[in-house]
Each structure stands twice: as C-alpha cells, then as structure tokens.
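One-letter residues, chain by chain:
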Amino acid sequence: MNRFVLGALTALAGLGVAGAGVVMTGAVSVAADEPHGEAVFGFFELARSRAVAASAAGIDVPVLDDDERVRRGAGNYAAMCVSCHLRPGGGPTELSEGLYPVPPDLTAAAPDPAVAFWTIKHGIKGSGMPAWGKSMADEHIWDMVAFLQRMPSMGAEQYAAVVAASDGHSHGGDEHMMDAHHDSAEGEHPHPMADDDHHPVGGHHAQPAASEVPVPVAPVSAAPESGGKTHVHADGKSHVH
C-alpha cells in the first residue's frame, strides 16, 4: 500500500511539473474567443454549479411575489445587468457576445432564488460576474431576485414599463460611482439608458455632438485710447487690434 501511495504521489508530482512547464511556455490559451475543450469546460461548469449550490443551500428566501420588490429591482437590473443578461424583446449585445463563458440569458427562465441571490451578492471568479454585495445591501439584492422571477414572463413593452416606473439605479450603495458625472435632472432616472444596440445614451459616457458643444467667445471691449479694440484671452492677457 505504501508503495502504491508513493507511486501515485510521484505520478502526480510528475504531472504537476509537466503542467507547470506547459504553463511557463505560454501555450495555455486565455483568449476569450477560444473556448475551452469539452472536458475542461465540463469540469469548470461542474465545479461552479456544485460550489454555488452548496453555498446557497442554507439561504432563507423571503417572499418575492411582491409588486413593489419587482418595481425596485427592475431599475437596478436595467442599469447593472441588462448588457450581459439581456432584456425581453432584445437580442444579444456586444458585451454578452464578447464574454466567455457566455452569461446566462435571464429572460429565458427564472433562476433558483437562493442561487441567484448568492451569485449576485458574491459574484463568480473568472467569469465577469461582479460581487454586487460589495455595494448593495441584501434587501436590494432580493428586490433584483424578485424581478428575475417575473422577467421571463414579460414582453418588451411590459419590461420597458416596469423599468420606467422604477427608481432607476438606486440601491443606497456605490451607484454614484458609476453615475458620478450624470446629471439626474436631465431625466427621470439617475442611470444611463441604452439604445436598441445597448449603447449608452446619456450619462457620463455620452459625448455631445460637435454642433452642441459651446464654443467660448473671448470678450471684446473698446479701447478709446487707440481707437481699436482690445481682445482679452482666456488667461487674462490682452492685446489691441
């Protein structure tokens, strides 16, 4: 038995050294546009699903069939999740198609509430899924989970209506960091909305058209001594024409 264990450990050590050698050559692809092999992907998927299920097993799920929860959750979903997890009536986005693994389409089916809560709060390593619990309290996360239970049954118009009726990007956390330069007075919701291609409209990412950019005009005053005009520069210096 001791010889068997020693042999197994030696074999594992050899595989480890060989694996380290392959890693050091840079031959292991980390490109998001080059999928894992079927066996590797299956391993990671199994590890992820089992880990999340085990972590979510002891979570007490509150009452989620509540219109007010759904209303509040809709605005945060539209601001924080739609680019990856899509919206009713919309197709894939540039972001959802560029990520690997591909984010789940949450318009297709409602996720398990406990699993959804844990995933939103803690995120998933190496997947692009953030740990929103760093900026959102549990109650706000449950609001989003409540919305996710309803969204698969919504059409495009119903989805747009519930988002419009929401409080927008509002969860009492660090949402101001994402909207720091957005003037909430410009619209009813303090988060940037998106066009049909999911490009941001408004907010601090939008740039005004060239015709809308105000052009500063230097003040011009008369210079009675010379009969000309004094041109004043922005730095305070002036000269007479």
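One can find the structure itself at the top, above this paragraph.
Residues numbered from 1 in each chain as written. Predicted model: local features only at pLDDT ≥ 70, side-chain atom pairs only at ≥ 80, totals over all residues. Heavy atoms only, no water.

Visitor: For this particular structure, what's the right way to read the packing of helix H6 (residues 113-122) against helix H7 (residues 138-150)?
Guide: The geometry of a pair of packed helices is captured by two quantities: the angle between their axes and the separation between those axes. Axis separation between H6 and H7 bottoms out at 9 Å; the angle between their running directions is 130 degrees. Here H7 runs oblique to H6, going by the angle between their axes. Crossing hand, H6 versus H7: right-handed. Seen from H6, the contacting residues are Pro113, Ala116, Phe117, Ile120 and Lys121; seen from H7, they are Asp138, Ile141, Trp142, Met144, Val145, Leu148 and Gln149. A class-by-class count of the residues in the contact of H6 with H7 yields 9 nonpolar, 1 polar and 2 charged. (Axes fitted to C-alpha atoms, helices over the stretch in contact; angles between N-to-C directions. Helix = DSSP H or I, 4+ residues; strand = E, 2+ residues; numbered from the N terminus. Parallel < 35°, antiparallel > 145°, perpendicular 65-115°, else oblique. Left-handed = near helix turned anticlockwise from the far one by under 90°. Contact = heavy atoms within 4.5 Å. Nonpolar A, V, L, I, M, F, W, Y, C, P; charged D, E, K, R; others polar.)

Visitor: Could you clarify how one ought to interpret the nonpolar core in this entry?
Guide: Looking at soluble globular proteins, one finds that nonpolar side chains tend to be buried together. Grouped together as the largest cluster of nonpolar side chains are 33 residues, with contacts concentrated most on Tyr77, Ile120, Val145, Phe147, Leu148 and Tyr159. Only helix H2 (38-56), helix H3 (67-80), H6, H7 and helix H8 (156-164) provide two or more residues apiece to this core. If one sorts the elements of this core by residue count, H7 sits on top with 7 residues. Sequence-distant contacts of Val145, defined by excluding residues within four places in its chain, comprise Leu64, Pro113, Ala116, Phe117 and Ile120. (Core = buried A, V, L, I, M, F, W, Y, C linked by side-chain atoms within 4.5 Å. Buried < 20%, exposed > 50% of the residue type's maximum accessible area, 1.4 Å probe, protein only.)

Visitor: Honestly, the pattern of salt bridges in this entry has me stumped. Any pointers?
Guide: Note on pairing: side chains with opposite charge can pair once their charged atoms come close. Per the counting criterion, the structure on display carries 10 salt bridges. The closest approach of N and O atoms between Asp65 and Arg150, which form a salt bridge, is 3.0 Å. Within this pair, whereas Asp65 is found in the loop between H2 and H3, its partner Arg150 is found in helix H7, the two being separated by 85 residues in sequence. Residue class for Asp65 comes out exposed when judged on its relative accessible area of 64%. By relative accessible area, which is 24% here, Arg150 ends up partly exposed. One connected set of salt bridges, linked through shared partners, spans Glu68, Arg69, Arg71, Arg72, Glu139, Asp143 and Asp167. (Salt bridge = Lys/Arg side-chain N within 4 Å of Asp/Glu carboxyl O.)

Visitor: I keep staring at the environment of Tyr159 and nothing clicks. Help me out?
Guide: Inspection of the secondary structure assignment puts Tyr159 in helix H8. For Tyr159, a relative accessible area of 7% corresponds to the buried category. In this structure, Tyr159 is in contact with Tyr77, Ala78, Val82, Arg87, Pro88, Phe147, Met151 and Met154, ignoring residues within four places of it in sequence.

Visitor: For this particular structure, what's the right way to read H7?
Guide: Since there are 3.6 residues in each turn of an α-helix, residues three or four apart along the chain are aligned in direction. Helix length check: H7, at 13 residues, gives a terminal C-alpha distance of 19 Å against a target of 18 Å (1.5 Å per residue), a fit within 8%. Along H7, the positions that sit buried rather than exposed are Ile141, Trp142, Asp143, Met144, Val145, Ala146, Phe147 and Leu148. In this structure, the buried side of H7 is in contact with H3, H6 and H8. (Expected span 1.5 Å × (residues − 1).)

Visitor: Explanation requested: the side chain of Arg69 in the structure shown.
Guide: Mapped onto the fold, Arg69 is located in helix H3. Side chain to side chain, Arg69 and Glu139 meet in a polar contact 3.0 Å long. Contact partners of Arg69, with chain neighbours within four places excluded, come to Pro62, Val63, Leu64, Glu139, Trp142, Asp143 and Ala146. (Polar contact = N/O pair within 3.5 Å; in protein donor to acceptor, adjacent residues only side chain to side chain.)

Visitor: Help me out: how do you make sense of the layout of surface pockets in this one?
Guide: Gaps left between atoms are located by rolling a probe of water-molecule size over the structure's atoms. Within this model, the second largest pocket holds a volume of roughly 160 Å³. Around the second largest pocket, the lining residues are Ala47, Arg48, Ala51, Val52, Ser55, Trp118, His122, Gly123, Ile124 and Lys125. When contributions to the lining of the second largest pocket are tallied by element, the ones reaching two or more residues are H2 and H6. With 5 residues, the top contributor of residues to the lining of the second largest pocket is H2. (1 Å grid on protein atoms, 1.4 Å probe; cavity = no way out; pocket = protein on both sides within 12 Å on 5 of 7 lines; lining within 4 Å. Points joined across faces, edges and corners; volume = space filled by probe spheres on them.)

Visitor: Hey, could you run me through H3 in this one?
Guide: Compared with an ideal rise of 1.5 Å per residue, which puts 14 residues at 20 Å, H3 spans 20 Å between its outermost C-alpha atoms and is within 8% of the ideal. Every buried residue of H3 is listed here: Arg69, Val70, Arg71, Gly73, Ala74, Gly75, Asn76, Tyr77, Ala78 and Met80. The secondary structure elements touched by the buried residues of H3 are helix H4 (82-85), H7 and H8. Taking the backbone nitrogen of Glu68 as reference, a side-chain oxygen 3.1 Å away marks Asp66 as the first, capping residue of H3.

Visitor: Can you walk me through unusual backbone geometry in this structure?
Guide: Only a minority of non-glycine residues have a phi that is not negative, and only a minority of peptide bonds are not trans. The peptide bond linking Tyr100 to Pro101 adopts the cis configuration, its omega dihedral lying at 0 degrees. In this fold, Pro101 is placed in the loop between helix H5 (94-98) and H6. A positive phi angle, close to 70 degrees, is found at Leu86, a residue other than glycine. Within the secondary structure, Leu86 is located in the loop between H4 and H5. Relative accessible area serves as the criterion here: at 9%, Leu86 is assigned to the buried category.

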